[in-house]
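Close look at the chain arrangement
As a plain string of letters, each chain reads:
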Amino acid sequence: MSSFVTHLEAAIDGTHLPADRVQTLHKDRPLWVRYDLDAMGRALSKEMLRDRPPTLWRYRELLPVADDAAITSLGEGMSPLLPAARLGQRLGTSNLWIKDESQLPTGSFKSRGLTMAISMARQFGIRRVALPTAGNAGGAAAAYAARAGMECFVFMPEDTPAINQYECQLAGARTFLVNGLITDCGRIVREGKERMGWFDLSTLKEPYRIEGKKTMGLELAEQLDWKLPDVILYPTGGGTGLVGMWKAFAELAALGWLASDKRPRMVAVQSDGCAPIVRAFERGDKHAEPFANAHTIASGIRVPAAVGDFMILDAVRESGGTAVAVEEGRIRDWMQLAISSEGIAVCPEAAACVGALEQLLASGSIRPDERVVLFNTGAAQKYPEAIASELPRLDIGKPIDWDRIAS
Ligand SMILES: *Cc1c(COP(=O)(O)O)cnc(C)c1O
């Protein structure tokens, strides 16, 4: 029963907090989990990973869970890093890869964060959790809570994709539709804390979801033989994934595992229907103002205000990357382009990254030979409303119209 965690560190001012008890925010801002990387480096070598099962738990030493019995897993397999040559060619780049997170439990990368958050909650003896969600986080939280035998309460905007509503309900979570945005749902969770006695699993309001999402960066490094790509395109909502990967790269560098010092340029991608991070990046601001009238079919990035806004902006700036908003009205087309080019179930959020890649290639910010990794954060199948289209019908009462089939 141990981990290499030494303490938690407030992201806003560096204050140290003990990690042996339940922690949430400090000055209303998130916490980093810090490890004894020297001791970790003595206990673990990258060669030792080779014989471990291909799940995110292969990075056990780099993760916060101390008690094996608390681990709550649905078999979070390493997601494939797929070459996307045909899509790349259509966009004008020769070195495009898609890290396909759609194959994870509950069909999105949210399972990485929630397997960690629920495992840690369990380690601390928490029995009841609640969270606001724009979509996939609710489904993942409900599934892992069921797996752990915990009570779960989910609050989502009433226009959240139907699959997300039903998956929560099926997993036994008390699920509520709210006639507002994810920020309104967040307020309900906050206000209910005392009365309902639940633990708030909101994005970045507990320290461990980042650690789960960090494993995307660890896997990517391992899959590329510890040579990081030139550019990472990431659909950014609350930012846990982007911030988590940037943390992973720093920890790998500290462990001396990376083949070179060069880190990827991180590109935070949003829809122009909800682009608070992009606006703050362009203005040079430290924090992002809430984005009014947020709307996008890419529900996972419909986050008008993120508690970790400054962490996202810091990572993007430190990396020499950028933040890009793409045209909301074209997301469905980019989805079609990506899926018909590669057969990968690219979700609307990742389709926005396809649009961003197009834009950055056109402006020369990404060169055609640079290695680009685009994150497909969820499965297209979870968005029936966004992907619905009218299909031609055949009438079995009439002779088969082969000309129509052939055209
Ligand atoms: C939640 C979500 C995002 C945004 O992820 P963050 O790490 O919170 O920025 C992107 N895509 C999908 C499919 C999501 O569910």
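The rules behind these values
Residues numbered from 1 in each chain as written. Predicted model: local features only at pLDDT ≥ 70, side-chain atom pairs only at ≥ 80, totals over all residues. Heavy atoms only, no water. Near = heavy atom within 4 Å. Polar contact = N/O pair within 3.5 Å; in protein donor to acceptor, adjacent residues only side chain to side chain. Areas by Shrake-Rupley, 256 points an atom, 1.4 Å probe, with all protein chains shown as cover. 1 Å grid on protein atoms, 1.4 Å probe; cavity = no way out; pocket = protein on both sides within 12 Å on 5 of 7 lines; lining within 4 Å. Sits in = over half its atoms within 2 Å of the grid points. Helix = DSSP H or I, 4+ residues; strand = E, 2+ residues; numbered from the N terminus. Patch = residues over 30% accessible without salt bridge, like charges linked within 9 Å, V, L, I, M, F, W, Y side chains within 5 Å. Salt bridge = Lys/Arg side-chain N within 4 Å of Asp/Glu carboxyl O. Pairing = 2+ DSSP bridges. Axes fitted to C-alpha atoms, helices over the stretch in contact; angles between N-to-C directions. Contact = heavy atoms within 4.5 Å. Buried < 20%, exposed > 50% of the residue type's maximum accessible area, 1.4 Å probe, protein only. Points joined across faces, edges and corners; volume = space filled by probe spheres on them. Nonpolar A, V, L, I, M, F, W, Y, C, P; charged D, E, K, R; others polar.

Right, let's get into the site of the ligand. Around the ligand sit 18 residues, and of these K110, Y234, G237, G239 and T377 come closest. At 3.0 Å, a side-chain N or O of K213 approaches an oxygen atom of the ligand. Interatomic distance of 3.2 Å between a backbone N/O atom of G238 and an oxygen atom of the ligand. The protein chains hide 97% of the 380 Å² of surface that the ligand would expose on its own. Counting atoms within 2 Å of the grid points, the majority share of the ligand lands in the largest pocket. Mapped by element, the contributors of at least two residues to the shell around the ligand are strand 10 (231–235) and helix 10 (240–255).

Glancing now at a nonpolar patch on the surface. Side chains of L394, I400, W402 and I405 sit close together on the surface and give an oily, nonpolar patch of about 460 Å² of accessible area. The residue W402 is located in helix 16 (residues 402–406) in this model.

Taken together, 6 strands build an open sheet; the order of strands is 4-5-13-10-11-12 and the sheet is mixed. Whereas interior strands pair on both sides, the edge strands pair on one side only; in this sheet they are strand 4 (81–83) and strand 12 (322–326). Neighbour to neighbour, the strand axes of the sheet diverge by 25° on average, direction disregarded. As paired strands, strand 10 and strand 11 (residues 265–271) are joined by 5 bridges and run parallel to one another. Among the inter-strand pairings, V231 is bridged to a residue of strand 11, identified as R265. Its contacts with the sheet put helix 10 on strand 10, strand 11 and strand 13 (372–376), and the angle it makes with strand 11 is roughly 175°.

What follows deals with the environment of D309. Mapped onto the secondary structure, D309 falls in helix 12 (residues 309–318). D309 sits 72 residues away from G237 along the chain, and the two C-alpha atoms are 9.5 Å apart. Contact partners of D309, with chain neighbours within four places excluded, come to R29, I277, H287 and A288.

Tracing the sequence through the fold places K247 in helix 10. A polar contact is formed between the side chain of K247 and the side chain of E211, at a distance of 2.7 Å. Every residue in contact with K247, bar those within four places of it in the chain, is listed here: W32, V33, R34, Y35, I210, E211 and K214.

The buried count for strand 5 (residues 96–100) comes to 4 of 5 residues, which makes it a mostly enclosed element. Here 3 bridges tie strand 4 to strand 5, and the two strands are oriented antiparallel to one another. Within strand 5, the position partnered with L82 by the bridge is I98.

As a further point, take the layout of surface pockets. Its boundaries defined by the atoms lining it, the largest pocket holds a volume of some 780 Å³. Secondary structure elements with two or more residues in the lining of the largest pocket: helix 5 (136–148), helix 7 (182–191), helix 9 (209–223), strand 10 and helix 10. In terms of residue count, helix 7 provides more of the lining of the largest pocket than any other element does, 5 residues in total. Partitioning the lining of the largest pocket into residue classes produces 16 nonpolar, 18 polar and 12 charged. Estimates place the volume of the second largest pocket at around 260 Å³.

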